[in-house]
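What the coordinates show
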Amino acid sequence: MEAYCFMNSSATPGGSSVSGLLFVGLISTLINTQQQLGNPEDYPKDARSQLLPEYDFVVVGGGSAGSVVASRLSEMNKWKILLLEAGGDPTPSSDVPGLWFYLQNTEIDWQYRTEPQQGMCQGFRDKRCNWPRGKVLGGSSVINYMVYVRGMKGDYDKWAQDGNYGWGFDEILPFFKKSEDMTYEPLLQSRGNISYHAKGGPLTVERPHFSHYKESFQRAVIEMGYEWLDDINEDRQLGFAEVFGTLRDGARCNTAKAFLSPVKDNDNLHVVKHVHVTRLLINETTKTAYGVEFQHNNGHIYTVKSRREIILSAGAINSPQILMLSGIGPKDHLEEKGINPIVQNLCVGKNLQDHLIFLGLVFNIKDSRISQSPNKLDTYYDFLTKRSGILTNIADITGFIKTNISTSDDRPDLQFYFLVLNANDTESTSFLSHAFGFDNNTTTSMHALIQQADLLIAAPAIMRPESRGRILLKSSDPFQHPRIYPGYLSDHNNKDIDSLLQGIDFYLKFIETNEMKSKQGTQRKLYIKNCDALEINTRAYWECALRHLATTLYHPSGTCKMGPESDPTAVVSPELKVYGVKGLRVADASIMPTIVSGNLNAPTIMIGEKAADMVRKEWESKKDTFD
């Protein structure tokens, strides 16, 4: 608006003054907008100087679940809450949706990498897959792809059937809705007497900007016979739909912005940033967690006590690590690493699951309506001044199909993504390669392909993998990253490979539709050194490619498994209480007994909501001896 006013007030002879005023107006607008991105005023101040010796509740981890737990507990004015976070505030660039993969391998990413394992991650640097995790207030919601998908009804009903009472879909739907501020009005209408969405919650959900290929992809999947759904989050997921994202006015809506900003001035909530939790303090005799030890970036070591509970929300990698460092975990492994004392022998770190996505299927496509790639300066200007344009884009469509491998129920078992990079945009391919960790040969091949036309990376992801991995301690040093063994494609019956092969077959048929032929869709072969001698589109080639270029969809889960007391592999109860240890719960994606069929950010936020609700109800029902 400022630039527009200058333009209209400068209708005088002499172009120099006009251009000067326009330039000043533009710079002023950009500076003002930049201050609205990653604004520290959006987030709680660091309360390290106000640290108390004791709190009612200590929440470890300010990510997608921890931000929710701390926020909801702080609504009880009589309770004092401490939230501990390893990172700082989200950066300005993290608010720009289209820069999501530029955020990986930065200071707000833990920069985890998997351990080398035969038959997986073979085409990545050092045969290790990158596992980005947010090291920042808001956690991985600050660096993720922002797609809002809740999972399927059958996922949660299966949890309940396996003994996790209170976790069936009908019981957890209110917690999804409690968080949500859905801005797309048609979805707020009841469907079949059920309202799936809500308005007025802290987390804004809106439609992103769509690329010029969205309508083409829609027509192509309909041509293939798939249903076009109004919403992927309702009762049916078999088909395709436009995505919704955790966005607010075109910018990222991370969980710190959504949940902590509204309570940032609450006197009973202290947030301490840039601290690394080294262990939980546990009374060996009573087996009661009573405090937390942590170290600030400046090297100073602190301890605080908890009068009621500690809620561990550090994520599927850090939560099991902290438990094991505190003597809670597999007895033989803890003894091997010199952890003493061993408080409780539990299957911590096991049951690791992730959605595996394949990035090695590529096509060139071309839209005759588009004469050239968008100018980067124009795209930045559109976003900074109007919150519009391709930098607000997170995805176009997603969808699910059911393969003949999934015979146990009716749930679809593959999810699909369509990632388009503009022709000649070798800068983006370089960043993408860096983010995922492609080796140099594959990166060079991608550069060559993108110079021919727009590049479509057609990426199938398996939703309910048979394979399991594990998190192990590297040592008793809390500052060493744990060892991550993802276990991809390690199931003995090869169901995971067979499912992904059907996903590849879907895309090979997709590119042959009349719609994609009209876009000059052409299959290309991405160079993979160890697979190059094999004939493309054979099982041998694709199995080789899967073992080289399938990687994480950023959804690690299951490492502190929730289950009934009768389940010997369970770490936490359906109330999320750690078995055998009082005063300690886990609330994040690590508690999932089986991974849900879809993106994990929304389900993790739901877990935070339900955990906070259980904690509040339990302690509000007790006679308060602390008042």
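The structure under discussion appears in the preceding block.
Here's a quick rundown of the structure. Note that this is a predicted model, so its numbers are computed, not measured.

**Points about the pairing of strand S18 (residues 397-401)**
By the criterion of burial, S18 is predominantly enclosed, with five of the five residues buried. Side chains Ile397, Gly399 and Ile401 project from S18 onto one buried face, and the interleaved Thr398 and Phe400 project onto a second face that is buried too. Examined bridge by bridge, strand S7 (residues 239-242) and S18 share four bridges and lie antiparallel to one another. Paired with Ala241 across the two strands is Thr398, which belongs to S18. Taken together, the three bridges between S18 and strand S19 (residues 414-421) define a ladder with antiparallel strand orientation. Following the sheet pairing, Ile401 is matched in S19 by Leu414.

**Quick look at the packing of helix H4 (residues 153-161) against helix H5 (residues 169-179)**
Put simply, H4 and H5 touch, their axes get as near as 9 Å, and they point 120° apart. When the axes of H4 and H5 are compared, the pair comes out oblique. Residues Lys153, Tyr156 and Asp157 of H4 form the contact with H5, whose own contacting residues are Phe169, Asp170, Ile172 and Phe176.

**Quick notes on the state of the cysteines**
If you walk through the whole model with that rule in mind, you get two disulfides. Through a disulfide, Cys121 is tied to Cys129; the S-S separation comes to 2.1 Å. Disulfide Cys121-Cys129: torsion about the S-S bond near -105°, hence left-handed. Judged on exposure class, the residue Cys121 and its partner Cys129 are both buried. Note on cysteine connectivity: Cys531 is disulfide-linked to Cys544, with sulfurs 2.0 Å apart. Here the S-S torsion is close to -85°, and the disulfide linking Cys531 with Cys544 is therefore left-handed. Of this pair, Cys531 sits in the loop between strand S23 (522-524) and helix H15 (539-549) while Cys544 sits in helix H15, placing them 13 residues apart in sequence. The pair Cys531 / Cys544 is uniform in exposure class, with both members buried. The connectivity of the disulfides in the protein chain is 1-2, 3-4, where the numbers refer to bonded cysteines in sequence order. Residue Cys347 stays outside any disulfide, its sulfur separated by 11 Å from that of Cys560, the closest cysteine. Relative accessible area serves as the criterion here: at 0%, Cys560 is assigned to the buried category.

**Let's talk about the side chain of His270**
With respect to the helices and strands, the residue His270 is situated in strand S10 (residues 269-272). Of the polar contacts made by the side chain of His270, one reaches the side chain of Tyr55; its length is 2.7 Å.

**Some remarks on helix H16 (residues 601-621)**
With 21 residues, H16 should cover 30 Å at 1.5 Å per step; its first-to-last C-alpha distance of 30 Å lies within 8% of that length. Counting buried residues in H16 gives 18 out of 21 residues, a clear majority hidden from the surface.

**Regarding the layout of surface pockets**
By volume, the second largest pocket amounts to about 440 Å³. Considering the residues around the second largest pocket, the lining is formed by 19 residues, among which Ser408, Arg411, Arg464, Pro465 and Glu466 are closest to the centre. Looking at the lining of the second largest pocket, its residues break down into four nonpolar, six polar and nine charged.

**As for the pattern of salt bridges**
According to the stated counting rule, one finds 42 salt bridges in the structure shown. Close ionic contact of Lys519 with Asp367 constitutes a salt bridge, the shortest N to O distance being 3.7 Å. Separated by 152 residues along the polypeptide, Lys519 in the loop between helix H14 (514-517) and S23 and Asp367 in the loop between strand S17 (362-365) and helix H10 (376-386) bring together distant segments of the chain. Of the two residues, Lys519 and Asp367, both sit in the buried class. Across the salt bridge formed by Asp567 and Lys561, the nearest N and O atoms sit 2.9 Å from each other. Judged on exposure class, the residue Asp567 and its partner Lys561 are both buried. Each member of the salt-bridge network shares a partner with another, and the members are Glu309, Lys577, Arg585, Glu618 and Lys622.

**Things to note about the environment of Ala461**
Inspection of the secondary structure assignment puts Ala461 in strand S20 (residues 454-462). Excluding anything up to four places from it in sequence, Ala461 contacts Leu356, Ile357, Asp413, Leu414, Gln415, Leu500 and Leu553.

**A word on empty space enclosed by the protein**
Inspection of the entire model under this criterion finds three cavities of 30 Å³ or more. Counted as a void, the second largest cavity has a volume near 90 Å³. Along the walls of the second largest cavity sit 13 residues, with Asp354, Pro465, Ser467, Pro486 and Tyr488 positioned nearest its centre. In terms of residue class, the lining of the second largest cavity is built from eight nonpolar, three polar and two charged.

**Description of the side chain of His555**
Tracing the backbone shows His555 in the loop between strand S24 (550-552) and strand S25 (584-586). The buried category is assigned to His555, whose relative accessible area is 7%. Of note is the side chain of His555, whose polar atom sits 3.2 Å from the backbone oxygen of Leu553. Not counting chain neighbours up to four residues away, the residues in contact with His555 comprise Arg133, Gln353, Asp354, His355, Ile595, Gly598, Asn599 and Leu600.

Rules used throughout
- Residues numbered from 1 in each chain as written.
- Predicted model: local features only at pLDDT ≥ 70, side-chain atom pairs only at ≥ 80, totals over all residues.
- Heavy atoms only, no water.
- Buried < 20%, exposed > 50% of the residue type's maximum accessible area, 1.4 Å probe, protein only.
- Helix = DSSP H or I, 4+ residues; strand = E, 2+ residues; numbered from the N terminus.
- Pairing = 2+ DSSP bridges.
- Axes fitted to C-alpha atoms, helices over the stretch in contact; angles between N-to-C directions.
- Parallel < 35°, antiparallel > 145°, perpendicular 65-115°, else oblique.
- Contact = heavy atoms within 4.5 Å.
- Disulfide = S-S within 2.5 Å.
- Polar contact = N/O pair within 3.5 Å; in protein donor to acceptor, adjacent residues only side chain to side chain.
- Expected span 1.5 Å × (residues − 1).
- 1 Å grid on protein atoms, 1.4 Å probe; cavity = no way out; pocket = protein on both sides within 12 Å on 5 of 7 lines; lining within 4 Å.
- Points joined across faces, edges and corners; volume = space filled by probe spheres on them.
- Nonpolar A, V, L, I, M, F, W, Y, C, P; charged D, E, K, R; others polar.
- Salt bridge = Lys/Arg side-chain N within 4 Å of Asp/Glu carboxyl O.

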